[in-house]
Amino acid sequence: MAAGHRLALQRLGMAAAALALTATSAAADQTGLGPWNADAARLAGASALVTSSMAYIKAQAATLKDPAIRRETEDAVFNPDTCIRSRAGLTPERKQQVVDILVAEGLIDTGEAGRIPGGLLAGVFPGVRDDGTACPKLPLPYAAAPGSVFGGHHSQPGGLAMHVAVNMTSGIRLADTYRKVYGTLDGRGLPVVRDDTAPTPAGQTADADLFIDQDIAIGTPIWHDWAKTIVFQWNADGSEYIELNFGGNGKTDAWGAPGNTKTSAHHMIGIAEGMARGMPPAFLIAHASAHGAPNAGNEFSVVNWLRTAGIMTGIDPVERGYLVKDAAGRLRIAPVRNLGSVNILASLPNQSNLLYEYVLQNLSDADYTYTGPAVVQSELLLRTLAPKFGYDPADATRYNTAYRNPVLTHLSAERVHILYATGGIGRVEAEVGKLRAAGLVR
């Protein structure tokens, strides 16, 4: 599952990056700010789908029980001038030092540099407001960020909020499923499956003794894609910055053996920010598990991503309780809660100190399996209809900024695709026509 997830993301990223390059005549130097950021924010602010997604996320964030997690989450997402803690006070020399250490530690592939306008430095440290100060700020509001690379899932202004609304709901429902099946007790105190369609039998108790951390189910989907506000800024033609892949070199990532833990920069930067804000071990390890849970055979992925975040922030992940060293001297996922009451690693060295919440976070991030193809097919439908609405896909700037992005921001590719499946191209045309009648597409 994890390897397939990572490979699918990499393929999607390469294809979408190629699309963005063909659509963009002159990509911005990604050490600076995206020139279409403000326009993207205005477009997202006018979308009922985006604003309601943000309201839903805010309401769920308010239910986080841990005061520190709630405070940091609300600040990072809803404060437009939040300080990016992982970037505070970074000089150009310190940035270069971080990149050099990542290369030396085998956590970045120098061959990636040519894909990114501005090279590895721009990939690890994309432009932000007030860069180099004690309080660098986001270049793009959470509500205006896309959900992935241009041409990938939710790749429109506001796509991040839609993606998170889906993933957070999935996480909440997955936690409830485990509580229903494994956490309901009968009158004898033995587990039974809770039937929510029938009256509760006498003596049956729900969620009596099974702890699944609701803060993780709600909070980690909000946090996982937070850094898309940094890596996916908007080019002048309405396309996006190109995202670096790092967190491994793609060759010797399994504790020096063959393995590939290269993954998206937003994942690395988001983990680094969570680490800089002092997120507790179970929460941050779950956050780091979005692109691959640390189960048997894949633990090294999450280990490398936490190592990378530690280098980016100057924080020792062992001292913070995120990682431990095993008897062989290898870094492993630290035991949290009561996982250390038996030394699992000593008896089962190929297993890991695993919480269900780590897998929950990985599964809740899996909507790309539908939404990736949905946007590719929906874009074909929009190109097919473009002449009827006076747009030429060859005029990339006008097409993206006045047609493609507004349609997807107000409707979503998922709605377009599902309507097409039930009503054909005529149904999609009618839906775009509603936007034009409302003045939302020119």
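Worth saying up front: this structure is predicted, and the values here are computed from it rather than measured.

Caption draft 1: Highlighting the state of the cysteines. Scanning the entire structure with this criterion turns up one disulfide. Disulfide pairing places cysteine 83 opposite cysteine 135 at an S-S distance of 1.9 Å. Handedness here is read from the sign of the S-S torsion; for cysteine 83 and cysteine 135, about -95 degrees, the answer is left-handed. Note that cysteine 83 is positioned in the loop between helix H4 (67-78) and helix H5 (92-104) and cysteine 135 in the loop between helix H6 (119-124) and helix H7 (159-182), a separation of 52 residues in sequence. For cysteine 83, a relative accessible area of 26% translates into the label partly exposed. Residue classification places cysteine 135 among the buried residues on the basis of a relative accessible area of 18%.

Caption draft 2: Seen up close, the packing of aromatic side chains. The full count for this structure, using the stated rule, is eight aromatic pairs. The aromatic ring of phenylalanine 78 is capped on one face by lysine 58, whose charged end is 5.6 Å from the ring centroid. Across from the ring centre of tryptophan 255, 4.3 Å away, lies the NZ or CZ of arginine 330, which sits over that ring.

Caption draft 3: The arrangement of the packing of helix H16 (residues 396-411) against helix H17 (residues 413-437) in detail. Close contact between H16 and H17 brings their axes to 12 Å; oriented N to C, the two are set at 115 degrees. Here H16 and H17 pass one another in a crossing that is right-handed. Contacts between H16 and H17 involve Tyr403, Pro406, Val407, Leu408, His410 and Leu411 from the former and Ala413, Arg415, Val416, Glu431, Val432 and Leu435 from the latter. For the contact of H16 with H17, the class distribution of residues is nine nonpolar, one polar and two charged.

Caption draft 4: View of helix H8 (residues 214-224). With respect to burial, H8 is a largely interior element, ten of its eleven residues being buried. Buried within H8 are the following residues: Asp215, Ile216, Ala217, Ile218, Gly219, Thr220, Pro221, Ile222, Trp223 and His224. Each element contacted by the buried residues of H8 is listed here: helix H3 (48-61), H4, H7, helix H10 (265-276), helix H11 (281-288) and helix H14 (356-364). Between the side-chain oxygen at the start of H8 and the backbone nitrogen of aspartate 215 there is a gap of 2.8 Å, and the oxygen is on aspartate 213.

Caption draft 5: Inspection of the packing of H10 against helix H12 (residues 299-313) at higher detail. Packing of H10 against H12 brings their axes to within 8 Å, and their N-to-C directions diverge by 65 degrees. The hand of the H10/H12 crossing is right-handed. Between H10, through His267, Met268, Ile269, Ile271, Ala272, Met275 and Ala276, and H12, the contact on the second element is made entirely by Trp305, Leu306, Thr308, Ala309, Gly310, Met312 and Thr313. Counted by class, the contact of H10 with H12 contains ten nonpolar, four polar and no charged residues.

Caption draft 6: How the structure looks around the side chain of arginine 332. The residue arginine 332 is located in strand S6 (residues 331-333) in this model. Note on arginine 332: relative accessible area 1%, which makes it buried. In terms of polar contacts, arginine 332 uses its side chain to reach the side chain of glutamate 299, at 2.8 Å. Of the polar contacts made by the side chain of arginine 332, one reaches the backbone oxygen of glutamine 351; its length is 2.6 Å. Among all residues touching arginine 332, those that are not within four sequence positions of it are Trp255, Glu299, Val303, Tyr322, Leu323, Val324, Asp326, Leu345, Pro349, Gln351 and Ser352.

Definitions and limits used
- Residues numbered from 1 in each chain as written.
- Predicted model: local features only at pLDDT ≥ 70, side-chain atom pairs only at ≥ 80, totals over all residues.
- Heavy atoms only, no water.
- Disulfide = S-S within 2.5 Å.
- Helix = DSSP H or I, 4+ residues; strand = E, 2+ residues; numbered from the N terminus.
- Buried < 20%, exposed > 50% of the residue type's maximum accessible area, 1.4 Å probe, protein only.
- Phe/Tyr/Trp six-rings, centres within 6.5 Å; stacked < 30°, edge-to-face > 60°.
- Lys NZ or Arg CZ within 6 Å of the ring centre and 35° of its normal.
- Axes fitted to C-alpha atoms, helices over the stretch in contact; angles between N-to-C directions.
- Left-handed = near helix turned anticlockwise from the far one by under 90°.
- Contact = heavy atoms within 4.5 Å.
- Nonpolar A, V, L, I, M, F, W, Y, C, P; charged D, E, K, R; others polar.
- Polar contact = N/O pair within 3.5 Å; in protein donor to acceptor, adjacent residues only side chain to side chain.

All quantities given are derived from atomic positions and should not be read as evidence of function.
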